[in-house]
Amino acid sequence: MIRPLFRLPLVFQMLLGLVLGLGVGLLWPDFGASLRPIGTAFVEAVKMIVIPVVFAAVTLGLYRMGSELKVLGRVAAISLGYFYLATVISILIGLLLNAAFHPGAGAPLAATGKVPQNLAVSVDWIKFFMDMIPSNIVAAMAEQKILPTLVFAILFGLALASSGKVGEPMVAVLEAVMAAMFKITKWITSLAPIAIFAVMAWLFATQGLATVVALAKLVGVMYLGLAIMVAIFWLMLLAIGEKPPVTKAVMEPMILAFSTRSSEVTLPLHMEKLRAMGASERIVSVVLPLGYAFNRDGAIMYFALAVTFLAEAYGVTLTWSTLFTIVMVTTIASKGSANVPSGGLVAIAMVLSAIGLPIEALAVIAGVDAFLDMGRTAINVFGNTVAVKLVEKFAGDMAADETQPTAAGLQVQDA
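Now for a description of the structure that goes with this document. Note that the coordinates shown come from a computational prediction; the quantities given were computed from them, not determined experimentally. (Residues numbered from 1 in each chain as written. Predicted model: local features only at pLDDT ≥ 70, side-chain atom pairs only at ≥ 80, totals over all residues. Heavy atoms only, no water.)

## Focus: the overall build of the protein chain
The number of helices and strands found in the protein chain is 22 helices and zero strands. Considering only intrachain contacts with a sequence separation of at least 6, the fraction spanning at least 24 residues in the protein chain is 87%. Counting only carbon and sulfur atoms, one obtains 69% of the accessible surface of the protein chain, whose full area is about 18100 Å². (Helix = DSSP H or I, 4+ residues; strand = E, 2+ residues; numbered from the N terminus. Contact = heavy atoms within 4.5 Å. Areas by Shrake-Rupley, 256 points an atom, 1.4 Å probe, with all protein chains shown as cover.)

Set out below in structure tokens:
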């Protein structure tokens, strides 16, 4: 009975773990709550390899493009341009959904959760930029800081590219590190169905459905917005000649993101799946880590929807100037909070403060935030898949000239 389950594709095992975990959490909450350490151990195991993957991947990607500065500049320009365009589109979707459904009108104002103590309502921009230049890169990596690791990896990759043959031994070491990290990724993700079962059982055992029912309209509108974003992403992929199977190819990291509510945890698996799809390794190595830091489409749409929900719940009139403030502050805050603990809540707190709402308003939706976080994190993964495909399409012919033995090897292993 058990053996046939392990013969199922991993994506179906993940879905089964998700459904079973939901059932256990609702039917046997005490047992479900006791399973939290299993999910936590899995998340920590994946976080263990995120920094080595980011450093090795970005360094190698910049090394391979280091002699092609025009291509590198084109990749950076297209990536950042798309990130900001996607940010504005995501915000507008959130605002339009609120205007259409008004989920905050008459919403219960009773707190459904707790707001973290001493939550920042602004970003110290000087500190933000200074933190991107680590005085001790080993310490920054040990603290799981993505942005300073990215900055150092970019500089290190460009330095290797300009050092000629003397840098080739280090490149070989980094390639070996990447191969080892992806092998470890396979070992860890083979346990993902068990971890997803444990995480979902704990989540529904501790959160329950009471707060979801109380704020069901917000949850429903949020997921409608995510469905609209998926449709837009599909149209974009079709417009550049990609086919719907792209979605199927990244389904495993999307399910992992949905259940663990962590984009960071999905990064190694996501990179592996894109490489196995035949995506340009140089583009994947550069665009995907940048996207995970700066391109959070699902989260940004939620920021706009959550702020307008709370504004209406508190009786604030959403004038054109207020809506413009929400668009501008959300765009800035979503990028500025990328390297800040509880970055999503900080971004929402900044916007609430800008339009004159109390930060304590976050407590109204805090109880359902976990359920909203699942969907928006999964969409973050899909949005960054689209980013890689768009950059690959418009960055020129660099991918066409690239040989990808690693991707081919992965395809053989997956078969």
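## Considerations on the pattern of salt bridges
When charged atoms on two side chains of opposite charge get close, those side chains can pair. Across all of its chains, the model carries eight salt bridges by this definition. Among the salt bridges present, the one from Arg-275 reaches Glu-281, with a minimum N-O distance of 3.2 Å. Each member of the pair, Arg-275 together with Glu-281, is buried. Of the charged contacts in the structure, one is a salt bridge between Lys-389 and Glu-392, with a shortest N-O distance of 3.7 Å. Note that Lys-389 and Glu-392 are positioned in helix H21 (residues 369-394) at a spacing of three residues, about one turn of the helix. Look at Lys-389 and you get buried, because its relative accessible area is 6%. One salt-bridge network, in which partners are shared between bridges, spans Glu-242, Lys-389 and Glu-392. (Salt bridge = Lys/Arg side-chain N within 4 Å of Asp/Glu carboxyl O. Buried < 20%, exposed > 50% of the residue type's maximum accessible area, 1.4 Å probe, protein only.)

## Side note on a nonpolar patch on the surface
Residues Leu-22, Leu-26, Leu-27, Trp-28 and Phe-31 make up a contiguous nonpolar surface patch of about 520 Å² in total accessible area. At three residues, helix H2 (residues 10-27) tops the list of elements feeding residues into the nonpolar patch. If you trace the backbone, Leu-26 turns up in helix H2. (Patch = residues over 30% accessible without salt bridge, like charges linked within 9 Å, V, L, I, M, F, W, Y side chains within 5 Å.)

## With respect to empty space enclosed by the protein
Tallied over the entire structure, the rule returns two cavities of 30 Å³ or more. Roughly 90 Å³ of internal volume is contained in the largest cavity. Around the largest cavity sit Tyr-82, Leu-85, Ala-86, Ile-89, Ser-90, Ile-93, Met-229, Ile-232, Phe-233, Met-236 and Asp-297, which together line it. Of all the secondary structure elements, the ones that give two or more residues to the lining of the largest cavity are helix H5 (69-101) and helix H12 (216-239). By residue number, the principal contributor to the lining of the largest cavity is H5, which donates six residues. Here the lining of the largest cavity is built from residues that sort into nine nonpolar, one polar and one charged. Reported here for the second largest cavity is a volume of approximately 40 Å³. Together, Val-46, Ile-49, Thr-185, Ile-188, Thr-189, Leu-256, Val-265, Pro-268 and Leu-269 line the second largest cavity. Listed by contribution, the elements that provide at least two residues to the lining of the second largest cavity are helix H4 (36-65), helix H9 (168-189) and helix H15 (263-276). A per-class count over the lining of the second largest cavity returns seven nonpolar, two polar and no charged. (1 Å grid on protein atoms, 1.4 Å probe; cavity = no way out; pocket = protein on both sides within 12 Å on 5 of 7 lines; lining within 4 Å. Points joined across faces, edges and corners; volume = space filled by probe spheres on them. Nonpolar A, V, L, I, M, F, W, Y, C, P; charged D, E, K, R; others polar.)

So yeah, pure geometry; function would need other evidence.
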